[in-house]
Structures are given as C-alpha cells and as structure tokens.
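One-letter residues, chain by chain:
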Amino acid sequence: VTDSEPNPTHHTIDGAPQLHAVEWRASNVPTLFLLHGATHHARYWDPLIRLLKPYRVVALDARGHGTSEWGESGDYDPDHYVADLERAVEQFAPSDGVALIGHSTGSLVSMRYASKHPDRLWAAVFVDIDPRPPGSQRERLQGAGARPARTFESLDQARARIELLKPGLSDADYDMLTETTFERLGDGSYQQRLDQRTLAEYAQFDNVSLLPRIERPALVVRGAESTVSSAAAAESAAAALPRGELATVRGEHQLHVQEPAAVAEVLLTFLGRHEPR
C-alpha cells in the first residue's frame, strides 16, 4: 500500500457462513463491488484498487476463501455463491447501487447476480472467463481439490510460491499476499486459507442464456494471451449483452494482479461513462 493510501477497513457480513470483506475509501462516491476467482481472496485486488481512486471499493472473500468462514459440503455451488453476494451487496450498497466487477469464477457469479438483480447495479465488468467455461477447466479444478492441500515449512517458502505464480509484483505486495493468503498450522507449517472443497466440488457454470437479461452497461475484459477465456467467447458474450462492450488488454488470466495499470485504464474509461450522477 502506498503512503498516500490508507489501509482498508475490514468488515463481516452476517449470516451463515460469515463472510469477510475489505472496504477502501468509505466516502460518498460511486461504489465498486469486487469478486475474486477460485483460490484467491479479496486482497489479490489490491494492486488494481490503488488505481481506482475515484471510487469506493468493497472486495469480498467468497465462502471457503481467505478469512470468510467455510461452507458445508455441497454448498459450493452457483446458487450459494449468488446468495452470499446478495447479502453482501445488501449490507454495503448505496441507494444508487454498485458496479459489480468479477474475475474468473467471480465473473461467473457476477453474471448470475446481474441477471437476477439488474436494478441493484449501475454497471458490471466480467474479467477473463467464458460464460460457459469448457468442462476441462472444471475437471482441472476438481482434480486440484481432490489432492491434499499444499503445505510449506516456512513463510519464505510460501512467499516463493506466490512469486512463482504471480511474477512482477512489488516486495510490499508479495509481503501482503503472503501474510493474507497463508496461516500457520499447529505443527508450525503454513497452508493456504482455502477450503479444498471449493475446488473438489467446483460446479459447471453455463451463463450464456443469462446474458441477455443483464440490462445495465457491461464490459467484457479479456487478456490477449489468456488461455482461460477465448477471443470468440469474449466477442460472443459482449454481443449477447444488451449494452455490452469488449476490451482486450495485454496479459494472461490474472490481469488485475499482473497488469493492473492496463486493466485500470479500461475500467476507468468504461465506468466514467456510466457512473451515477
């Protein structure tokens, strides 16, 4: 976090399971609501959030991720994720609604919420995911969830894992992500704060038929080198949205982490045209 940017405020969303959210810039400006992808948590948005200074930002830890409580077995399905988002937005949303921004699985959940509650939004952004991902993606995630959670002997080893998966971040961001991603176990080792069932029970999403119901301005963002979202699916999704737009930015799947400046540029342009006045 830069010297001019205060630390976020931590909140809990009541209900079962109890959810954790962080809020940046709690002032009377338009609100953005951010949803992370599988295995991530709210603080992975930090590099991007710092560049979104015109806005109040709320980032949610999904159930079973970060410091949100875990769900029961069988509760990691689209309907439960949408219900969690409903109560979170209800707690934070101002009268003029929010702009909902999702990445990967967070985009899939956001699409479902946006099709169900367009009246609660002033805009939506879906970052790097096909609305109907191929079954191979689900199978890969389920396979990862079926394996024992990886443990590390030290925080330095845990940090090295983040550096390998997310190259190019600052030392401060690596420190922050190491601190917020891992917890110490009783034997002194470190493990990610993640319920493996979020992966083992990963559902097949199919949101194609929902896109025409999303009545608010919506932006589809794709990484030019992404192997997760195809160019054809991104173009088709933008065309199916009644007020859809498409932006392609340099980078792979983790755009908001590895290319925050490029993502911020397209977001600020899009949101600036549509924010409530």
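Note that strand E1 (residues 9-13) and strand E2 (residues 19-24) share 5 bridges and pair antiparallel. Within E2, the position partnered with isoleucine 13 by the bridge is leucine 19. Between E1 and E2, which follow one another and run antiparallel, lie 5 residues, and glycine 15 among them has a positive phi close to 120 degrees.

A few words on the pairing of strand E3 (residues 31-35). In terms of burial, E3 is largely enclosed, as 5 of its 5 residues are buried. Burial along E3 is two-sided: the residues Thr31, Phe33 and Leu35 and Leu32 and Leu34 are all buried. Across 5 bridges, the pairing between E3 and strand E4 (residues 56-61) is parallel. Note that in E4 the partner of threonine 31 across the bridge is arginine 56.

Restricting attention to buried positions, one finds in helix H5 (residues 155-165) the residues Ala158, Arg159 and Ile162. The buried residues of H5 all sit within an arc of 100 degrees when viewed along its axis, so they share a single face. Those residues of H5 that are exposed and aimed more than 90 degrees away from the buried face are Asp156 and Leu164. Looking at the packing, one finds that the buried side of H5 touches strand E7 (151-152), helix H6 (171-181) and strand E8 (182-184).

A separate point is the packing of H5 against H6. The interhelical angle for the contact between H5 and H6, taken along N-to-C directions, is 115 degrees, at an axis separation of 9 Å. Considering only the axes of H5 and H6, their crossing is right-handed. Residue-level contacts link Leu155, Arg159, Ile162 and Glu163 of H5 to Asp171, Tyr174, Asp175, Leu177, Thr178 and Thr181 of H6. Taken together, the residues of the contact of H5 with H6 break down into 4 nonpolar, 2 polar and 4 charged.

To continue, consider the packing of helix H2 (residues 78-92) against helix H3 (residues 105-116). Running from N to C, H2 and H3 point in directions that differ by 65 degrees, and their axes come no closer than 9 Å. Crossing of H2 over H3 shows right-handed handedness. Contact with H2, carried on its side by Pro78, Asp79, Tyr81, Val82, Leu85, Glu86 and Val89, involves Val109, Arg112, Tyr113 and Lys116 of H3 and no other residues of that element. Each residue belonging to the contact of H2 with H3 can be placed in one class, and the counts come to 7 nonpolar, no polar and 4 charged.

Bringing empty space enclosed by the protein into the picture now. The final tally for this structure, using the stated rule, is 1 cavity of 30 Å³ or more. Forming the walls of the largest cavity are 17 residues, and the residues nearest its centre are His36, Ala62, Tyr81, Thr105 and Val109. Looking at the lining of the largest cavity, the elements with two or more residues in it are H2, H3 and helix H7 (197-200). When grouped by side-chain class, the residues that make up the lining of the largest cavity number 9 nonpolar, 6 polar and 2 charged.

Reading the values: rules and limits
Residues numbered from 1 in each chain as written. Predicted model: local features only at pLDDT ≥ 70, side-chain atom pairs only at ≥ 80, totals over all residues. Heavy atoms only, no water. Pairing = 2+ DSSP bridges. Helix = DSSP H or I, 4+ residues; strand = E, 2+ residues; numbered from the N terminus. Buried < 20%, exposed > 50% of the residue type's maximum accessible area, 1.4 Å probe, protein only. Arc of directions from axis to C-beta. Contact = heavy atoms within 4.5 Å. Axes fitted to C-alpha atoms, helices over the stretch in contact; angles between N-to-C directions. Left-handed = near helix turned anticlockwise from the far one by under 90°. Nonpolar A, V, L, I, M, F, W, Y, C, P; charged D, E, K, R; others polar. 1 Å grid on protein atoms, 1.4 Å probe; cavity = no way out; pocket = protein on both sides within 12 Å on 5 of 7 lines; lining within 4 Å. Points joined across faces, edges and corners; volume = space filled by probe spheres on them.

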